[in-house]
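Listed below, chain by chain, are the residues.
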Amino acid sequence: MSGPVTITVWDTYSPSENEAFNASLAQFKAEYPCINVEVTTGVQVSTGNFEAAAKAGKAPIIYRDTSNDAGALFAGGLLLNLSKYIPASLLAEYNPIAIRNFELNGSLYGLPDNINYIVMFYNKKYIPNPPNTTNQLIQMALQVNKTYGVWGIAYGMGSEYGYRFAAWLAGFGGKIFNGAGYPAVNATPAAAKAMEFWYNLTFDLHINAPDMNPTLEGNLFSQGKAAIIFDGPWDLATYVKALGPNLGAAPLPVVSQTGLYAEPFIGSTGWVISVPQASGATPDQIKAAILFIEFMSGPVQELNLWKYAGDIPSYLPVYNQVIANLTAGKLQPAYMNGIMNGILAQAQHGQVFPNIPQMNFYWNGFHQCVTLYTVNGTLTAPQAANCWEQYMVSQMQQAGMLG
Amino acid sequence: MVKRDTFIGFLYLLPIIAIILFLTLYPIGYAVYISFTNFNLYHFFRYELVGLQNYITIIKSGALGSIFLQTIIWTVGSLVPMMAAGFVLALVLNQRDLVGRTVYMTFMLFPWAFPSFITILVWSGMWNYEYGIVNKIMALMGVHSIYWFNYVSTSWIALIITNLWLSFPYFTVVFSSALQGIPRELYETAYVDGASMFRRFTSITLPQMKNALSFVGISSFIFTWNNFYPIYLLTGGGPGTATEIFVVYAYQEAFSYSLYNIAAAYSIVDTIILAAFALIMLRISGIMKVIA
């Protein structure tokens, strides 16, 4: 760099993550005094504003986004291909799944700063040991319902957009896309069977609370009115505060009908860099941006994110350090060691978050079609699965992805 | 001299004409242009003209017919009760001997004065199956709770009632002022001639209100047709796509999928259909002659 440079950053961290970011930013500024960092806080991930700004050539040089949304931006040519900037030796320091999340057609478009997924949180007051299979899940939920008069589970399949359902789709043996990137949710009966499974638990066995949405689910679980919930570590603080030592965390169970784990998406958020056409960045600013994202996905920030916000590190040396601390039972209060062990154990049973552009069409397709089955009753489960796949196909056609 | 004055007059108007052109014609023109290109996230910096391809795509997609029908249901379904409620309330509030008329009128303006975005969120909670007050009141009357947004018919009912709440004050105020513009002498003469209340209503009130009813009806039709927030915030177009209307669908195409070209094409189709309806209604009602 020939002199001082200024880089612009859109910060999408939550309040607790921002504490970590601010601490790391101070350290970055001390280490690189010639780089002036202009941070815009309170920006959302996956924001449409990024595209609007990019069209005007005013996008931030650096943006923190989810791996799948950034994948669509990269496919659209809005993000820089980082493959030639980031050495392979550095990539080897990250969790391979997190790096795969930020690769499209062999090109790297971001550096991860965490990995994220859902786990099964349970209330030990009702369920001392977590279920390992869906048969156990049903038995325990029935028992809880009968003994304590609370819901066994709080999961609103009908209100969601398929982020959590993807785990059950995998558990029943299904896939979202085939090898060619064509929608395959209806290629096997898995989607229909997974939908029927949750329908039965809700409306036949009455062990899953009906008409749920994530807020209501969280409220029921925090108030001790539901024994099990499927949620991510981002809500951990709320549940710890509500349940304290009664809180447990474990991987999602094995689906008894298939013997496969319900595998949630292992997603990542991370740092990406806009192409100069979108941000107007100079070569010096790009160099500074590379230094910034390496720092903000490196050991300092990863450790801060873990300390301040409980984010699961994607940087392996920090991840290993966290595991070592947990193994030694160093977390305080002591019951947090068990909870975090349960959360980290889920990472062994996850699926890569598809970051191909057509993944954009997965969400609304699921939501619209599954509600026609679960709540409206106008479709059967197989018809809903077909509706879902057809929706994705028609949107891909509209986007010109199918020729 | 006259020509020079006219020219100077136009010069004074130029800034406002420029602003109007920029704020209205430019976005519309740009949307029309985009609808003939392949501009979307995957053709972001380099896009090209594709002729009628986007229009062919949306016609082939099969969604157009159902979205059109749903937009009609939304617009007519909202407009009829809104106008009826507004008219009836205006008639009630227009009674000379009504005590506390100003107080009623003030209270009635509350739903209108309150930010509609917040009101819709409050209604969203009120329709909730487990915690909503609507189901709680129904339970007191011995009626089973309903998953309001899970069924097509109840979704429409909830949407239309919410929209009715948001809109009836406007109709009441407009109709009230129109009613007050009817000369009292007409009623007094009819009364002396022995006309019944019903006859006075059909022979004086309705004909005198015709222009107000037509104008409010047509303008509200246009507004409701493109009223985005109630549907977007309450049902998001669901269950399934059963309550999608043009404007919500176009929004999702643009901001969920970044298919700006398709969204623009839907917007243009939406505008053409609405303009056609508006022209027909203006012609039938003869309101343009009145305005002219």
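Note that this is a predicted model, so its numbers are computed, not measured.

Engineer: Would you mind going over the domain arrangement of chain A with me for this structure?
Structural biologist: A common way to state how big an interface is: give the accessible area lost once the parts meet. All names here are of chain A. The domain boundaries assigned to chain A delineate domain 1 (5-115 + 267-330) and domain 2 (119-263 + 356-398). With centres defined by C-alpha atoms, the gap from domain 1 to domain 2 works out at 30 Å. Counting residues at the interface gives 5 residues for domain 1, matched by 5 residues for domain 2. A buried area of about 410 Å², summed over both sides, lies between domain 1 and domain 2, and 68% of it is on carbon and sulfur atoms. Between the two partners, domain 1 and domain 2, sit 0 residue pairs in polar contact (both at pLDDT 80 or more). Per element, the largest residue contribution to the side of domain 1 that touches domain 2 is 3 residues, and it comes from helix α3 (residues 67-75). Broken down by class, the residue content of the side of domain 1 that touches domain 2 amounts to 4 nonpolar, 1 polar and no charged.

Engineer: Before we go on, may I ask you to explain the pairing of strand β1 (residues 5-10) of chain A in this structure?
Structural biologist: A regular strand places its side chains on the two faces of the sheet in alternate fashion. All names here are of chain A. Relative to strand β2 (residues 35-40), β1 runs parallel, the two sharing 6 bridges. Its bridge partner lying in β2, Trp 10 is registered against Thr 40. For the handedness criterion, the β-α-β arrangement of β1, helix α1 (residues 15-31) and β2 is classed as right-handed. Pairing of β1 with strand β3 (residues 62-66), which is carried by 2 bridges, proceeds in the parallel orientation. Bridging across to β3, Val 9 finds its partner in Ile 62.

Engineer: For this particular structure, what's the right way to read the packing of helix α6 (residues 116-126) of chain B against helix α8 (residues 152-180) of chain B?
Structural biologist: All names here are of chain B. Where α6 meets α8, the closest approach of the two axes is 11 Å, and the angle between their N-to-C directions is 145°. For the pair α6 and α8, the crossing hand works out as right-handed. Counting all contacts with α6, which are made through Ser 116, Thr 119, Ile 120 and Trp 123, the residues of α8 involved are Ile 161, Thr 162, Trp 165 and Leu 166. Residue composition of the contact of α6 with α8, by class: 5 nonpolar, 3 polar and no charged.

Engineer: Teacher, can you tell me more about the interface of chain A and chain B here?
Structural biologist: Each partner contributes to the interface: chain A provides 32 residues, whereas chain B provides 32 residues. Carbon and sulfur atoms make up 53% of the surface buried where chain A meets chain B, a total of about 2800 Å² over both sides. Counting the surface chain A buries against chain B, the share from its top three residues, Lys 55, Asp 211 and Gln 398 of chain A, is 23%. Taken together, the connections running from chain A to chain B amount to 0 salt bridges. With 4 residues, helix α16 (residues 362-374) of chain A is the single largest residue contributor to the side of chain A that touches chain B. Tallied by class, residues from the side of chain A that touches chain B come to 19 nonpolar, 10 polar and 3 charged.

Engineer: So what exactly am I meant to see when it comes to the side chain of Ser 67 of chain A here?
Structural biologist: Residues and elements named next belong to chain A. Within the element layout of this structure, Ser 67 appears in helix α3. Overall, the relative accessible area of 1% leaves Ser 67 in the buried class. Filtering out sequence-adjacent residues up to four positions away, Ser 67 remains in contact with Asn 101, Phe 102, Tyr 109, Ser 268 and Asn 355.

Engineer: Is there a simple way to think about the pattern of salt bridges in this case?
Structural biologist: Residues and elements named next belong to chain A. Summed over all chains, the structure comprises 4 salt bridges over all chains. The salt bridge involving Glu 160 is made with Arg 164; its shortest N-O contact spans 3.9 Å. Take Glu 160: its relative accessible area is 7%, and that puts it in the buried class.

Reading the values: rules and limits
- Position numbers for residues count from 1 along each chain, tracking the sequence in the order it is written.
- Lettering of chains starts at A and numbering of ligands starts at 1, both following the order in which they are written.
- Only residues with pLDDT of at least 70 are given local features in this predicted model, and only at 80 or more are side-chain atom pairs given and counted; all residues enter the totals for whole chains, interfaces and linings.
- Here the side-chain values reflect all heavy atoms present in the structure, with hydrogen atoms and water set aside.
- The source of the domain bounds is an automatic or database domain assignment.
- In what follows, a contact means two residues having at least one pair of non-hydrogen atoms within 4.5 Å.
- Computed with a 1.4 Å rolling probe, the buried area is the accessible surface lost when two parts are put together, summed over both parts.
- What qualifies as a polar contact is a pair of N or O atoms within 3.5 Å, subject to a donor-acceptor requirement within protein and to the restriction that residues adjacent in sequence count only when both atoms come from side chains.
- Think of it this way: any DSSP run of H or I at least four residues long counts as a helix, any run of E at least two long counts as a strand, and we number them from the N terminus.
- In this classification, Asp, Glu, Lys and Arg are treated as charged, Ala, Val, Leu, Ile, Met, Phe, Trp, Tyr, Cys and Pro as nonpolar, and every other residue, Gly included, as polar.
- Pairing between strands requires that DSSP locate at least two bridges from one strand to the other.
- Look down the strands so they point away from you; if going from the first strand over the helix to the second traces a clockwise path, that crossover is right-handed.
- All axes are obtained by fitting lines to C-alpha atoms, using only the stretch in contact for helices, and the reported angles, taken between N-to-C directions, cover 0 to 180 degrees.
- Note: crossing handedness is left-handed where the near helix turns anticlockwise from the far helix by less than a right angle, and right-handed where it turns clockwise.
- Here, a salt bridge means any Lys or Arg side-chain nitrogen found within 4 Å of an Asp or Glu carboxyl oxygen.
- Each residue gets one of three labels from its accessible area relative to the maximum for its type: buried under 20%, exposed over 50%, partly exposed in between, using a 1.4 Å probe on protein chains only.

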